[in-house]
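What the coordinates show
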Amino acid sequence: MRSFEHGYFLEQPISQDMLITVRVLGEHRGRQSLYQEQSPQLLETLKRIAMIQSVESSNRIEGITVDRDRLEAILAKKTKPQDRSEKEVAGYRNVLAEIHANANRLKLSPELILQFHREMYALTGEKGGHWKEKDNAILEVRPDGRQVVRFKPVSALSTSSFMRKLCQFYHQALEERKAEPLLIIASFIFDFECIHPFWDGNGRIGRLLTLLLLYQAGYEVGRFVSLERLIEDSKETYYETLLKSSQHWHEEKHDLRPWWNYFLGTLIAAYKEFEDRVGVVTSARGAKREMIRQTIGRLPTRFRFSELHRACPGVSYPTLKRALFDLKREKKVRCLGKGRDAEWERIGS
């Protein structure tokens, strides 16, 4: 809310680099429909993979982990979640699926945010869907084990009022059209994290809201490339930029630019990965194999089959194996051992 009060975010200086980034993102958005028409089968594959990676990464950032085989079975609804971690993962999947299916029908409001929180915890037996009942703090654990307060969010008593005003300010900013929608979205997500309205689950709900608002603004890359995975891959920078931009937030003297740059940079990285994967495919045939080839190109020069499998969730063992041996015949990779755990090496660039 602090970023929107008195038009504060409108007064933030914007660099030429940021303007160029926003323009480039607009160009990426304009090319989405073209790719969707050209490669529908590949896009369906990318959607399945992005769903798995999004659920896995967003929960793993918060220390919630599930065995990969169990995770894929839970997301495919082939098995029921058993322990607390699996139930939280399944709850996240349910909210994410709702956003993917109904983004343009969902209107941002405190009630919708509470609904997402309630659904995320619905299978755990814990009562979600209510604002925090006592004050919380964002802590940092030092190497010696000591905990220090990185940021003090708003009080529990003020949370409901802050969240209602934040949603109102967001809609008002979009309607007034005085600012770039991407920066309005980034500012909303930032203020949400500063308010920290829940006792638990703030990071995950914030990432779900990021997808919802981006989809509503026409930026749908998160359907095909997991933004949550990109955030996990840059987790230290993610937390560092939140910390930098949150300094003096309560006094409305904070600097939104570190967070804006990180937010836009993550989106640029997602679109580049998306176009790298889709742009080289001119037909639907061989979509999975082409994706495997590209994934190998991003792995370290030497890699194991298990690492390739983790990087290509949703792709079967036989398909991975066939793709590897095709590349071996083409002398693009070589096997350095025997058995499923053998190390492979990429040849050339």
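That block above? That's the structure.
Residues numbered from 1 in each chain as written. Predicted model: local features only at pLDDT ≥ 70, side-chain atom pairs only at ≥ 80, totals over all residues. Heavy atoms only, no water.

The helix and strand tally for the protein chain stands at 14 helices and five strands. When the backbone C-alpha atoms are referred to their principal axes, the protein chain occupies close to 65 × 45 × 45 Å. Taking all 349 residues of the protein chain together, 51% fall into the buried category. Here the protein chain has roughly 17,100 Å² of accessible surface; of this, 48% comes from carbon and sulfur atoms. Across the protein chain, 57 positive and 47 negative side-chain charges occur, with their mean positions spaced 6 Å apart. (Helix = DSSP H or I, 4+ residues; strand = E, 2+ residues; numbered from the N terminus. Buried < 20%, exposed > 50% of the residue type's maximum accessible area, 1.4 Å probe, protein only. Areas by Shrake-Rupley, 256 points an atom, 1.4 Å probe, with all protein chains shown as cover. Lys, Arg positive; Asp, Glu negative; His and termini not counted. Charge placed at Lys NZ, Arg CZ, Asp CG, Glu CD.)

A word on the nonpolar core. A general trend in soluble globular proteins is that nonpolar side chains are found buried together. Ranked by internal contacts, the top residues of the largest apolar core, which has 101 residues, are Ile 113, Phe 188, Leu 209, Trp 259 and Phe 274. Excluding residues that lie within four positions of it along the chain, Phe 274 makes contacts with Tyr 35, Leu 43, Leu 46, Val 221, Phe 224 and Val 225. (Core = buried A, V, L, I, M, F, W, Y, C linked by side-chain atoms within 4.5 Å. Contact = heavy atoms within 4.5 Å.)

Take the packing of aromatic side chains next. Enumeration according to the criterion identifies 12 aromatic pairs in this entry. Where Phe 151 meets Trp 249, the ring centres are 6.1 Å apart and the plane angle is 70 degrees; that geometry is what we call edge-to-face. A residue pair is termed long-range when its members are at least 10 positions apart, and Phe 151 in strand E2 (residues 147-151) and Trp 249 in the loop between helix H10 (235-246) and helix H11 (257-279) qualify at 98 residues. Taken together, a centroid distance of 5.7 Å and an interplanar angle of 90 degrees make the contact between Phe 325 and Trp 344 edge-to-face. Separated by 19 residues along the polypeptide, Phe 325 in helix H14 (residues 317-329) and Trp 344 in strand E5 (residues 343-346) bring together distant segments of the chain. (Phe/Tyr/Trp six-rings, centres within 6.5 Å; stacked < 30°, edge-to-face > 60°.)

A few words now on the layout of surface pockets. Looking at the largest pocket, its volume works out to about 540 Å³. In terms of lining residues, the largest pocket is bounded by 23 residues, among which Ile 138, Leu 139, Glu 193, His 196 and Tyr 239 are the most central. Broken down by secondary-structure element, the contributors of at least two residues to the lining of the largest pocket are strand E1 (138-141), E2, helix H7 (181-195), helix H8 (202-216) and H10. The element best represented in the lining of the largest pocket is H10, accounting for five residues. Residue composition of the lining of the largest pocket, grouped by class: 11 nonpolar, six polar and six charged. Looking at the second largest pocket, its volume works out to about 390 Å³. Elements that contribute at least two residues to the lining of the second largest pocket include exactly helix H2 (40-61), helix H9 (227-233), H11, helix H12 (287-298) and helix H13 (305-311). Counting residues per element, the lining of the second largest pocket draws most heavily on H2, at four residues. Here the lining of the second largest pocket is composed, by residue class, of two nonpolar, three polar and 11 charged. (1 Å grid on protein atoms, 1.4 Å probe; cavity = no way out; pocket = protein on both sides within 12 Å on 5 of 7 lines; lining within 4 Å. Points joined across faces, edges and corners; volume = space filled by probe spheres on them. Nonpolar A, V, L, I, M, F, W, Y, C, P; charged D, E, K, R; others polar.)

It is worth spelling out the pattern of salt bridges at this point. In this structure the tally under the stated criterion is 27 salt bridges. Ionic pairing is found between Glu 56 and Arg 68, a salt bridge with its closest N-O pair at 2.5 Å. Taken together, the residues Glu 56 in helix H2 and Arg 68 in helix H3 (residues 68-75) connect sequence positions 12 residues apart. Of the two residues examined, Glu 56 and Arg 68, each falls in the buried class. We note a salt bridge from Glu 345 to Arg 302, for which the minimum N-O separation is 3.4 Å. Here Glu 345, found in strand E5, pairs with Arg 302, found in strand E3 (residues 302-304); they are 43 residues apart in sequence, far enough to count as distant. For Arg 302, a relative accessible area of 46% gives the class partly exposed. What emerges from the salt-bridge pattern is a single network uniting Glu 56, Arg 60, Arg 68, Glu 72 and Glu 232. (Salt bridge = Lys/Arg side-chain N within 4 Å of Asp/Glu carboxyl O.)

One non-glycine residue with positive phi stands out, namely Lys 77, at about 60 degrees. Along the polypeptide, Lys 77 turns up in the loop between H3 and helix H4 (84-102). Lys 77 gets classed as exposed once you look at its relative accessible area, which sits at 62%. With a phi angle near 55 degrees, Arg 177 is a residue other than glycine that sits in the positive phi range.

These values are about where atoms sit, not about what they do.
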